[in-house]
Amino acid sequence: MQTYEQELIEARRFIERHDDFLVVAHVQPDGDAVSSTLAVGWLLSRLGKTFTMINEGPIPQRMTYMDGAGQILDMSLTERSRTYGNVICVDCADFKRVGLVSQWMEDGANMLNIDHHPTNDRYGTQTLIKADAAATAEILYDLVSLFELGWDRNIAEMLYTGILTDTGGFRYSNTSPKVMQIASHLLELGVNGPELAESLLEQLTKPQFDVLTLALGTLQMSGDGKVAWVHVTPEHMAQTGAANEDLEGIVNYPRNIQGVEVGVLFKVINGSAVKASMRSAGKVDVAAVAAEFGGGGHVRAAGCRLEGPLEDAARAVIERIKQSL
Ligand code: 5GP
Ligand code: MN
């Protein structure tokens, strides 16, 4: 297996050798996914390459301030006129995380897989994976550095956004000395750190506040107080007008109760499936739990999707978490 330094050099070669790229991140993109898509776009622009950025759905409204955000195609609103033979996937632990956008790729496409999930299964024709990177944006900082193209405030804002959101505002255990050094450089380039923290981590839309209120009312806990979970139903979404992106962060509330080792948010998707988001205080590897249900993620933050009703999904996941305690 190549070292990270070798993979960086091979990733640069991959980009230099090819042109006409499709750039894609995971479905229901978070801050790191959007930032990483845009950072790759920034790099390709600088190199004079042509490319299309796309996601299976819309990007969250609160992330549209980044340069080029309006150029990320929403696949659900876009007629496909062609397919791509050169693909760059960012922040996707496995290939199925790109969702329906795979329809835009040629069979056997050249594919660069840039990611920081320990559960990454190394799909693609070239990988650039660093499992202890705080964010995919941290890896892109290294890649942009390697090209020696110089920096501007736009790329700095993208990379800062991905790192800020994936470290929970520089609080999670992935906040390494390197993260702080990178953040320091990005602030020097003119990023407005407090403003981004306010808009991305503090502010709630009214629907977001309302759906949070409903979710908190569903709290259940295991007898020993070590597992706490909440759920959100399609009725909660309809009643509050909340969008998927408004559920970000809810899972932290059950996790934050003193004594709780694992917090879970179950989101019912139209009655036939359930999305589980898990957060661990550190003792339980929730990526391993998620992997058993076909999902993945990080030791302290992971997710998976289960077919069937809420009660069955919750019972299966909570049972599996209790086994790891
Ligand atoms: P969240 O709970 O915020 O949706 O995701 C937490 C972490 O788990 C993220 O790193 C995310 O990429 C990962 N994750 C969430 N859902 C899935 C899934 O269905 N499959 C995989 N492989 N990873 C997931
Ligand atoms: Mn990420």
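That block above? That's the structure.
Each chain carries its own residue numbering, running from 1 in the direction its sequence is written. Ligands are numbered from 1 and chains lettered from A, in the order in which they are written. Given that this is a predicted model, residues contribute local features only at a pLDDT of at least 70 and side-chain atom pairs are listed and counted only at 80 or more, while totals for whole chains, interfaces and linings are drawn from all residues. The basis for the side-chain values is all heavy atoms of the structure; hydrogens and waters are excluded.

Considerations on the site of ligand 1
Move 1: Surveying the vicinity of ligand 1 reveals 14 residues, the closest of which are Asp94, His117, Lys275, Ser277 and Arg279.
Move 2: Identification of polar contacts relies on pairs of N or O atoms within 3.5 Å, with a donor-acceptor requirement for protein atoms, meaning one able to donate a hydrogen and the other able to accept it, and with residues adjacent in sequence counted only if both atoms are side-chain atoms. At a separation of 3.1 Å, a nitrogen atom of ligand 1 approaches a polar side-chain atom of Lys275.
Move 3: Gly303 places a main-chain nitrogen or oxygen 3.3 Å from an oxygen atom of ligand 1.
Move 4: Values of accessible area rely on a 1.4 Å probe in the Shrake-Rupley scheme; residue burial ignores everything except the protein chains shown. For ligand 1, the protein covers 85% of the area, taking 490 Å² as the surface of the free molecule.
Move 5: Put simply, DSSP H or I for four residues or longer makes a helix, DSSP E for two residues or longer makes a strand, and each gets a number counted from the N terminus. Of all the secondary-structure elements, those providing two or more residues to the shell around ligand 1 are strand S10 (273-280), strand S11 (296-297) and strand S12 (301-307).
Move 6: Ranked by the residues each element gives to the shell around ligand 1, the list is headed by S12, at four residues.
Move 7: Here the nonpolar group is Ala, Val, Leu, Ile, Met, Phe, Trp, Tyr, Cys and Pro; Asp, Glu, Lys and Arg are the charged ones; every other residue, Gly included, is treated as polar. A breakdown of the residues in the shell around ligand 1 according to their chemical character gives three nonpolar, seven polar and four charged.
Move 8: Each of two domains, domain 1 (4-201) and domain 2 (206-324), supplies a minimum of three residues to the shell around ligand 1. Distances are taken per atom, and a residue is near a molecule or strand as soon as one of its heavy atoms is within 4 Å of it. In this document the domain limits rely on a domain assignment from an automatic tool or a database.

Section: the packing of helix H2 (residues 31-46) against helix H4 (residues 153-166)
Move 1: Interhelical geometry of H2 versus H4 gives an angle of 155° and a closest axis separation of 8 Å. As judged from the angle between their axes, H2 and H4 are roughly antiparallel. Where H2 crosses over H4, the two elements pack in a sense that is left-handed. Contacts between H2 and H4 involve Gly31, Asp32, Ser35, Leu38, Ala39 and Trp42 from the former and Ile155, Met158, Leu159, Thr161, Gly162, Thr165 and Asp166 from the latter.
Move 2: The class makeup of the residues in the contact of H2 with H4 is six nonpolar, five polar and two charged. In this analysis, axes come from line fits to C-alpha atoms, helices being fitted only over the stretch in contact, and the angle between any two N-to-C directions falls in the range 0 to 180 degrees. The scheme is simple: roughly parallel for angles under 35 degrees, roughly antiparallel for over 145, roughly perpendicular for 65 to 115, oblique for anything else. Less than a right angle of anticlockwise turn of the near helix away from the far helix marks a crossing as left-handed, whereas a clockwise turn marks it as right-handed. Contact criterion: two residues are considered in contact whenever any of their non-hydrogen atoms come within 4.5 Å of each other.

Here we look at the coordination of the manganese ion (ligand 2)
Move 1: Atoms of type N, O and S within 2.8 Å of a metal are treated as its donors, and for Na, K and Ca the window is 3.2 Å; water is not considered, so some sites may appear to be missing partners. The protein atoms that coordinate the manganese ion (ligand 2) are Asp32 (OD), Asp91 (OD), His116 (NE2) and Asp166 (OD), at distances of 2.2 to 2.3 Å.
Move 2: Taken in sequence order, the residues that donate to the manganese ion (ligand 2) follow the motif D-x58-D-x24-H-x49-D. Placement of the pair is His116 in the loop between strand S5 (105-115) and strand S6 (126-129) and Asp166 in helix H4, with a sequence separation of 50 residues. Both residues of the pair, His116 and Asp166, count as buried. Classification of residues uses two cut-offs on accessible area relative to the type maximum, computed with a 1.4 Å probe and protein chains only: under 20% is buried, over 50% is exposed, and between them is partly exposed.

Overview of the nonpolar core
Move 1: Note on terminology: a nonpolar core comprises buried Ala, Val, Leu, Ile, Met, Phe, Trp, Tyr and Cys residues joined through side-chain atoms within 4.5 Å. Residues Ile15, Ile88, Ile114, Leu128 and Leu143 are the most contacted members of the largest nonpolar core, which totals 51 residues.
Move 2: Considering every element that reaches this core, the biggest residue donor is H2, with eight residues.
Move 3: If we skip the residues at most four places from it in the chain, Ile15 touches Phe21, Leu43, Leu44, Leu47, Lys49, Ile88, Leu112, Leu143 and Phe147.
Move 4: Counting 23 residues, the second-largest nonpolar core is a separate cluster that includes Val262, Val289, Ala314 and Ile321.

Here's the deal with helix H3 (residues 136-147)
Move 1: The end-to-end C-alpha separation of H3 is 17 Å, in line with the 16 Å expected for twelve residues at 1.5 Å each.
Move 2: Of all twelve residues making up H3, ten are buried, and the element is well covered by its neighbours.
Move 3: All buried positions along H3 are accounted for by Thr136, Ala137, Glu138, Ile139, Leu140, Tyr141, Asp142, Leu143, Val144 and Phe147.
Move 4: Following H3 by one or two positions, Glu148 adopts a phi angle in the positive range, close to 50°. Any helix carries an expected span of 1.5 Å times its number of residues minus one.

Observations concerning unusual backbone geometry
Move 1: A positive phi angle, close to 45°, is found at Gln28, a residue other than glycine.
Move 2: One non-glycine residue, Glu148, adopts positive backbone phi at about 50°.
Move 3: Tracing the backbone through its elements, the reader meets Glu148 in the loop between H3 and H4.
Move 4: Since its relative accessible area comes to 70%, Glu148 is described here as exposed.

Section: the pattern of salt bridges
Move 1: A pairing counts as a salt bridge when a side-chain nitrogen of Lys or Arg comes within 4 Å of a carboxyl oxygen of Asp or Glu. What the rule picks out here adds up to 16 salt bridges.
Move 2: Close ionic contact of Glu138 with Lys130 constitutes a salt bridge, the shortest N to O distance being 4.0 Å. Here the two residues Glu138 and Lys130 agree in accessibility, since each one is buried.
Move 3: One salt bridge connects Asp312 with Arg315, and the closest N-O pair in it is separated by 3.6 Å. With a gap of three residues between them, Asp312 and Arg315 both fall in helix H11 (residues 310-324), about one helical turn apart.
Move 4: With a relative accessible area of 41%, Asp312 lands in the partly exposed category.
Move 5: Take Arg315: its relative accessible area is 54%, and that puts it in the exposed class.
Move 6: Salt bridges here are not isolated pairs; linked through shared partners, they connect Lys130, Asp132, Glu138, Asp142 and Lys178.

Read these as geometric descriptors, not functional statements.
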